[in-house]
2 protein chains.
Amino acid sequence: MNKILKGNFIFTDENRNLVIKPNAYGVCENGLCHGIFDQIPIRYLTYEVLDFDDCLIIPGLCDLHLHAPQYEVRGAGMDCELLDWLNKYIFPVERKYSNLQYAKVMYSRFVSGLLASPTSRAVIFGTIFKESTLELMKLLELSGLHTFVGKVNMDRNSPSYYMESSVATSISDTIAWLEQCNFTNTLPIITPRFVPSCSEELLHKLGELLFSYNLNVQSHLCENINEVDLVKQLHPNENSYSAIYNKYSLFGSINKSIMAHCVYCSDEEIELSKKNNVFVAHCPSANINLASGIAPIRLFLDKGVNVGLGTDIGAGHSLNLFNEMVCAIQLSKISKLKPLSIQDVFFMATRGGGSFFGKVGAFDLNFDFDALVIDDSNINLDGNFSLSQRLERLIYLSTECQLISKFVKGVRLF
Amino acid sequence: MNKILKGNFIFTDENRNLVIKPNAYGVCENGLCHGIFDQIPIRYLTYEVLDFDDCLIIPGLCDLHLHAPQYEVRGAGMDCELLDWLNKYIFPVERKYSNLQYAKVMYSRFVSGLLASPTSRAVIFGTIFKESTLELMKLLELSGLHTFVGKVNMDRNSPSYYMESSVATSISDTIAWLEQCNFTNTLPIITPRFVPSCSEELLHKLGELLFSYNLNVQSHLCENINEVDLVKQLHPNENSYSAIYNKYSLFGSINKSIMAHCVYCSDEEIELSKKNNVFVAHCPSANINLASGIAPIRLFLDKGVNVGLGTDIGAGHSLNLFNEMVCAIQLSKISKLKPLSIQDVFFMATRGGGSFFGKVGAFDLNFDFDALVIDDSNINLDGNFSLSQRLERLIYLSTECQLISKFVKGVRLF
């Protein structure tokens, strides 16, 4: 478990500045980072050195929001908006995961794709089916990736063929699922789909489970105007969409909460996110593919809210989080706010999202040693680019670079 | 030269509708398309059949706007806007192409990249240097791609180290270059950089060359607000940016004209584009990378203006025109106009841009036989998707598919 990686380390500090250590030695001891050094300190001289020459070494990327069953239909139906797309494309697919054999085949493809991607950690939606969600978790555990996975809860406003029949069923299935979650790196997370498809009674019971099982929660928030309107109609007396989650302790007040999208959050909701340490999963490709809009990420960052990135497979079409970094910058240039920088998006994809998992997303002392080793020589043939330029060009041209190795908490996955 | 390709043909008709011919035979005779058939007609039974099984066969893509010397710096300096970016990143690079040896090395990398990309035809900016532009053309001719290439003209408002010293020099160099252009598939095109860097006298002389040599023209138009303001300051008495090109016969009134970007064209300029049959090169990635804005492509299409796509390397970061199709759709979803569809962008990248080259961009009778053979089996493992869905998913997930063969006017390049 103890080893030293040699290469060009690039990561971010807490203030979203780049930390660049050229030609350096990164020490991994028992899965943790013991520092990045110009020369190997004497006390580590016996450790194996993996020399990655002129490669870039960056923290593994953290995907805060994606749907495993939707992987098979990514890139289809991109002419729809959210609610239509769910009904036409997504619910008919997710329903198929009641068949465990089907789920095994499809989820193994998804896990292969995620393993090959630059993602080392992810927070994942399954389906309403507990058995296939467990199957997904088994496959993820075998992959060596570190993930949170949720069995989805939904008991209203959904097609009859894809909805839990009662709060009691939804909760008893969730408990049965939780009792079978015995994995090391694959942890359960409470997963109400979103307010439109969860009754208040269900949200209430899920809040109780959060407390009794000491779990985190993930859901969707303020993605699309029609969805936000629907929530207002369903809950005319509530102050905001966020307030409904908050009422049932599902908005960061107990343990951690990830809210995907947050395109239409009010100032009060941004304040509440900050107060409750809610994590925002910014999913720019998904937001533009479904014509949802542009999330005001600059406002969240300025308020000090935790922001990570999410591919949101299948509304986002690719598992490649580098593409989300590019898309996040691009969309920010259209919004009226100050555009996001390379540092901002690199931070979000590593340290920002990583903090959901603990000390993750940087090569700071005692952080989990998650690393991607990337050969960018195809786009740096003459060696003329500085390391910060190489990072920028890796992000924009990731498909022209080679991901040659991935480490998660010190374990080499390939 | 005579052959038959078997596979699933997809292309567009003149009205931007998809034409889908599953499991069909496309006949190529002397480089031209003789039809797509369900069975091989008796008169073609002696032709060699290339059986591409369940692959997709689509027209080669046409890139209407890109800068060959900027290939080496693609994906760098993406935090700038246009005029800053030109001064900080681009002019210092283009200047290097005064060195022919340097140009040979760099242009051979560019041509390799273009050959491997889904592009079969392109309209390309070189630099102000005639020798290196000829070198670029020699390499392109060897590749088998069909292109127009321009030696750039610029005689004002440019850095002293990268500007032609006088109109006379600019024109005599251009004539010397034209006299040496003796290629079959690589044709010269008149290339004033853009109004800010070309005096009226230069534009006047270029218009004369256009006429005397019977050439087409390419330039930039209304890309960025500061650029448009600069043009207004330089030409306070002109009605519009387009009017300046038009005054010197560089706006479609003689032969064909490509104008890249057209983000800020007025209604009158759109009308003039239609009247003069000007081709708009829509470059969505470039427009968003440099924070220029979103071109109102729907308005151009509704008026019946010719629109093609351009990667605009290096403001666009990738040679992959499928990415431009995705970006064009995505940006159109943010604009207040009706979003672009898969059909719209597929048309633009094939038949729309192809019409600049002649009968190109579709498998209509007597069109040039340009074809890409694409294996999308990685994303269609169960064969569940319809051919129109497969086209959509190919466009969104092109990097997960394999481009296995490329034909240009019947010649197989790989």
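Check the entry above for the structure.
Rules of the game
- Residues numbered from 1 in each chain as written.
- Chains lettered and ligands numbered in written order.
- Predicted model: local features only at pLDDT ≥ 70, side-chain atom pairs only at ≥ 80, totals over all residues.
- Heavy atoms only, no water.
- Axes fitted to C-alpha atoms, helices over the stretch in contact; angles between N-to-C directions.
- Helix = DSSP H or I, 4+ residues; strand = E, 2+ residues; numbered from the N terminus.
- Parallel < 35°, antiparallel > 145°, perpendicular 65-115°, else oblique.
- Contact = heavy atoms within 4.5 Å.
- Buried area = accessible area lost by both parts, 1.4 Å probe.
- Salt bridge = Lys/Arg side-chain N within 4 Å of Asp/Glu carboxyl O.
- Polar contact = N/O pair within 3.5 Å; in protein donor to acceptor, adjacent residues only side chain to side chain.
- Nonpolar A, V, L, I, M, F, W, Y, C, P; charged D, E, K, R; others polar.
- Expected span 1.5 Å × (residues − 1).
- Buried < 20%, exposed > 50% of the residue type's maximum accessible area, 1.4 Å probe, protein only.
- Arc of directions from axis to C-beta.
- Least-squares fit on C-alpha atoms with pLDDT ≥ 70 in both.

What to know about the packing of helix 11 (residues 321-334) of chain A against helix 13 (residues 387-396) of chain A
All names here are of chain A. Two elements in contact, helix 11 and helix 13, have axes whose closest approach is 7 Å; the angle formed by their N-to-C orientations is 95°. Taken together, helix 11 and helix 13 sit at an angle that is classed as roughly perpendicular. On helix 13, the residues touching Phe322, Met325, Val326, Ile329 and Lys333 of helix 11 are Leu394, Ile395 and Tyr396.

Comments concerning the interface of chain A and chain B
Chain A puts 34 residues into the contact, and the matching count from chain B is 34 residues. When the two sides are added together, the surface that chain A and chain B hide from each other amounts to roughly 2800 Å², 51% of it contributed by carbon and sulfur. At the boundary of chain A with chain B, the tally comes to four salt bridges. Of the charged contacts in the structure, one is a salt bridge between B:Asp382 and A:Arg109, with a shortest N-O distance of 2.8 Å. Here chain A and chain B share 18 residue pairs in polar contact (both at pLDDT 80 or more) between them. Going through the elements one at a time, helix 2 (100-116), helix 9 (284-289), helix 11 and helix 13 of chain A are the ones with two or more residues in the side of chain A that touches chain B. Here the side of chain A that touches chain B takes five residues from helix 11 of chain A, the largest share from any one element. Its residues assigned to classes, the side of chain A that touches chain B comprises 17 nonpolar, eight polar and nine charged.

Section: helix 2 of chain A
Residues and elements named next belong to chain A. Taking 1.5 Å per residue as the helical rise, helix 2 with its 17 residues ought to reach 24 Å, and the 24 Å between its terminal C-alpha atoms agrees with that figure. Restricting attention to buried positions, one finds in helix 2 the residues Ala103, Met106, Tyr107, Phe110, Val111, Gly113 and Leu114. All buried residues of helix 2 lie within an arc of 155° about the axis, which places them on one face of the element. The outward face of helix 2, more than 90 degrees from its buried face, is lined by the exposed residues Gln101 and Ala116. Looking at the buried positions of helix 2, the neighbouring elements they touch are strand 5 (61-67), strand 6 (119-125), helix 3 (130-143) and strand 16 (402-408). Between a side-chain oxygen at the N-terminus of helix 2 and the backbone nitrogen of Gln101 the separation is 2.9 Å; the capping residue is Asn99.

Quick look at unusual backbone geometry
For the bond running from A:Ile313 to A:Gly314, omega is 0°, close enough to zero to count as cis. The backbone phi angle of A:Cys262 is positive, close to 55°, even though this residue is not glycine.

Re the side chain of A:Thr311
Residue and element names in this part refer to chain A. Structurally, the position occupied by Thr311 is in the loop between strand 14 (306-309) and helix 11. Within the structure, the side chain of Thr311 is placed 2.8 Å from the side chain of Asp63, a separation counted as a polar contact. Thr311 has contacts with Asp63, His65, Leu66, Gly316, Ser318, Leu319, Asn320, Leu321 and Glu324, leaving out every residue within four places of it along the chain.

Re the relation of the copies chain A and chain B
When chain A is brought onto chain B, the operation consists of a screw motion whose angular component is 180° and whose axial shift is 0.0 Å, with 0.0 Å RMSD remaining. Given the turn and translation reported, the copies of this chain are related as if by a two-fold rotation axis. Using C-alpha coordinates, one finds that chain A approaches the rotation axis most closely at A:Thr399, a distance of 3.8 Å. Counting the interface residues of chain A, we find that 100% of their copies in chain B are interface residues as well, pointing to one common contact surface.

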